[in-house]
Amino acid sequence: MVSKMKWLLPLCLLITGCASSDSRVTLRIANWGGAGEEGPFQDAVAKVNREFEASHPGVRVVIEGIPGEYEQKMLLNHIAGSMPDVMVLDAASASTFVDNGLMTDLTPYFEREPGLREQFFPEVFTPFSRGKAVYGLPNDFTPMVVYYNKELFDKAGVAYPNPNWNFDEFLRTATKLTNHETGQYGFGLSNWMPGWVMWLWNNGGDTVGRDGRAGGIFDSDANVETITFLRDLATKHRVAPTLSEAAALGGDYFEKGKAAMTVSGHWSLVGFRASKSVDATKLGIVPMPFNRATGSRTMGKGSQTVLYLSAYGIPGHAKNKQLAWDYIKAWTSYESQSIYNKTGIAVCARKDVAGERSEQGKPNPSPEALQERSFLPIIPTGRSPYGAFLIGYSVVETAGKSVLDTLINNPDRDVKTELTKAAAIIDKEFGKRR
């Protein structure tokens, strides 16, 4: 361990830039991203930080943008004993830090702030909680949803999606909206497993058990049916571009006005609203389709989705814990979130700010507010990503992407066989950790 420390510490300092000769107290805030980035999001962050410094004389806030492999680099910082005062926790990898005992339980801080938790959507605490302990105060989040282009629906004379639709209804809708002569597809399929895992849940399937076991789950009959459905969208029904066609376009089919529907999170609204090919006032949002007979067997009736979230936490070895808590409270306050959430990158974890963004109670909301409203009833149907509770879950997502890549590029291969091979890879990987 001593020999490792000799090179890990310099690496840590290189990653975080944490050394400072300033005589003031330096409050280090780690987040993903690189130095020098500009835009509305960074401007909003800078404004909030300047206000925090003004209200805390003698404190200097330093944002340490961690480019690339955030999770791995933060672990290196921990090994080197150079953790920041505050770090952003991504729900998809929260288990790495929470279940390894690297974070501070915030329960005592919440107990000194009666009513604070109730200001947030209850669902956003789940990924960062273990029993009564809670390790993060949520910042923002998004459920994964189906976006649809009303303009393309209207031109084709197709009815807008019913929120209670099933897989067959989705396929029929996509078929009516596909026009190969004009290069338009009904659906823009993206092979990013965090963006399509919900299809498995909504047909009665799943990925792994809580211990990471995949055999009999990842290659279940329900998953065979669902993966076949996704493959056939591109290769049999031709209502979605193949992966090579999508790569050749060099961008998002939906954002370029070449697909009538897509699945994504709230973050995509930023690009859609900036697109010259999409009328942002004519974007609709509905829940994922689900098969009523089999979908969501373990989660109750109705469509299910996933909630991707971020939260602010305090590392266990942070030097300025009370000041870190003050910063987290300030950042997640109504005032700060009202500024930050104008960037439109996510749904605010605060109920009051999210309500204002959706113009709740107003009889004639703007198109943007209507879109914000569409997210709200979907929130209670959201599940936490498995990475919140299962260390190393990314191996499942890598395997899932590989399977769909293989099947779309080689549609004659047997789906069950490919899923079983992937399940064996997952089991072998998690078997090393048991």
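Treat the numbers as computed from the prediction; the structure is a model and nothing was measured. (Residues numbered from 1 in each chain as written. Predicted model: local features only at pLDDT ≥ 70, side-chain atom pairs only at ≥ 80, totals over all residues. Heavy atoms only, no water.)

### Some words on the overall build of the protein
Argument step 1. Helix and strand content of the protein: 17 helices and 13 strands.
Argument step 2. Taking 22 Å as the expected radius of gyration for a compact globule of 434 residues, we find that the protein reaches 23 Å, a close match to that expectation.
Argument step 3. For the C-alpha atoms alone, the extent of the protein along its principal axes is close to 65 × 55 × 40 Å.
Argument step 4. When each of the 434 residues of the protein is scored for burial, the buried share is 53%.
Argument step 5. A separation threshold of at least 6 residues defines the contact pool for the protein, and within that pool the share at least 24 residues apart is 76%.
Argument step 6. Carbon and sulfur atoms form 53% of the exposed surface of the protein, whose accessible area is close to 19200 Å².
Argument step 7. Between the mean site of the 47 positive side-chain charges and the mean site of the 47 negative ones, the protein shows a separation of 2 Å. (Helix = DSSP H or I, 4+ residues; strand = E, 2+ residues; numbered from the N terminus. Rg over C-alpha atoms; globule rule 2.2 N^0.38 Å. Buried < 20%, exposed > 50% of the residue type's maximum accessible area, 1.4 Å probe, protein only. Contact = heavy atoms within 4.5 Å. Areas by Shrake-Rupley, 256 points an atom, 1.4 Å probe, with all protein chains shown as cover. Lys, Arg positive; Asp, Glu negative; His and termini not counted. Charge placed at Lys NZ, Arg CZ, Asp CG, Glu CD.)

### Overview of the pattern of salt bridges
Argument step 1. Within the structure shown, the criterion is met by 16 salt bridges.
Argument step 2. Two residues, Arg 383 and Asp 206, come together in a salt bridge whose shortest N-O distance is 3.4 Å. Of the two residues, Arg 383 is situated in strand β13 (residues 382–383) and Asp 206 in the loop between α8 (193–201) and α9 (221–235); the sequence distance between them amounts to 177 residues.
Argument step 3. Arg 383 gets classed as buried once you look at its relative accessible area, which sits at 10%.
Argument step 4. We note a salt bridge from Arg 413 to Glu 418, for which the minimum N-O separation is 3.9 Å.
Argument step 5. By relative accessible area, which is 10% here, Glu 418 ends up buried.
Argument step 6. In this structure, a network of salt bridges that share partners links the residues Arg 273, Arg 357, Glu 368 and Glu 372. (Salt bridge = Lys/Arg side-chain N within 4 Å of Asp/Glu carboxyl O.)

### Here's the deal with the sheet that holds strand β8 (residues 185–188)
Strand pairing in a sheet is mediated by backbone hydrogen bonds. Such pairs are either parallel or antiparallel.
Argument step 1. The four strands lie next to each other as β8-β9-β7-β10, forming an open sheet whose pairing is mixed. Sheet topology places β8 and β10 (283–286) at the edges, where each strand pairs with a single neighbour. Within this sheet the neighbouring strands show an average axis-to-axis angle of 20 degrees, counted without direction.
Argument step 2. Of the strands in this sheet, β7 (145–149) and β10 touch helix α15 (residues 367–375), which is tilted by about 10 degrees from β10. (Pairing = 2+ DSSP bridges. Axes fitted to C-alpha atoms, helices over the stretch in contact; angles between N-to-C directions.)

### Digging into the layout of surface pockets
Argument step 1. Approximately 450 Å³ is the volume attributed to the second largest pocket.
Argument step 2. Lining the second largest pocket are 23 residues, with Gly 188, Leu 189, Ser 190, Asn 191 and Asp 252 sitting closest to its centre.
Argument step 3. Of all the secondary-structure elements, those providing two or more residues to the lining of the second largest pocket are β8, α8, α10 (243–249) and β9 (259–264). (1 Å grid on protein atoms, 1.4 Å probe; cavity = no way out; pocket = protein on both sides within 12 Å on 5 of 7 lines; lining within 4 Å. Points joined across faces, edges and corners; volume = space filled by probe spheres on them.)

### Focus: unusual backbone geometry
Argument step 1. One non-glycine residue, Arg 238, adopts positive backbone phi at about 60 degrees.
Argument step 2. When you line up the elements, Arg 238 lands in the loop between α9 and α10.
Argument step 3. Even without being a glycine, Glu 359 presents a positive backbone phi close to 50 degrees.
Argument step 4. Its location among the elements puts Glu 359 in the loop between α14 (351–357) and α15.

### Examining the packing of aromatic side chains
Argument step 1. Applying the stated rule across the entire model yields 29 aromatic pairs.
Argument step 2. Measuring from ring centre to ring centre gives 5.2 Å for Phe 52 and Tyr 327, while their planes differ by 80 degrees; the resulting arrangement is edge-to-face. Note that Phe 52 is positioned in helix α2 (residues 40–55) and Tyr 327 in helix α12 (residues 321–331), a separation of 275 residues in sequence. Of the two residues examined, Phe 52 and Tyr 327, each falls in the buried class.
Argument step 3. Geometrically, the ring pair formed by Tyr 312 and Trp 331 is edge-to-face, given 6.1 Å between the ring centres and 75 degrees between the ring planes. Of this pair, Tyr 312 sits in strand β11 (residues 305–313) while Trp 331 sits in helix α12, and the two are 19 residues apart along the sequence. For the pair formed by Tyr 312 and Trp 331, the shared burial category is buried.
Argument step 4. Here a set of aromatic residues connected by ring pairs shows up, and it is made of Trp 165, Phe 167, Phe 170, Phe 187, Trp 199 and Phe 229.
Argument step 5. One cation-aromatic arrangement involves Arg 117 over Phe 110; the distance from NZ or CZ to the ring centre is 5.9 Å.
Argument step 6. For the cation-ring pair, Arg 117 lies above Phe 125, with the distance from its terminal atom to the ring centre recorded as 4.3 Å. (Phe/Tyr/Trp six-rings, centres within 6.5 Å; stacked < 30°, edge-to-face > 60°. Lys NZ or Arg CZ within 6 Å of the ring centre and 35° of its normal.)

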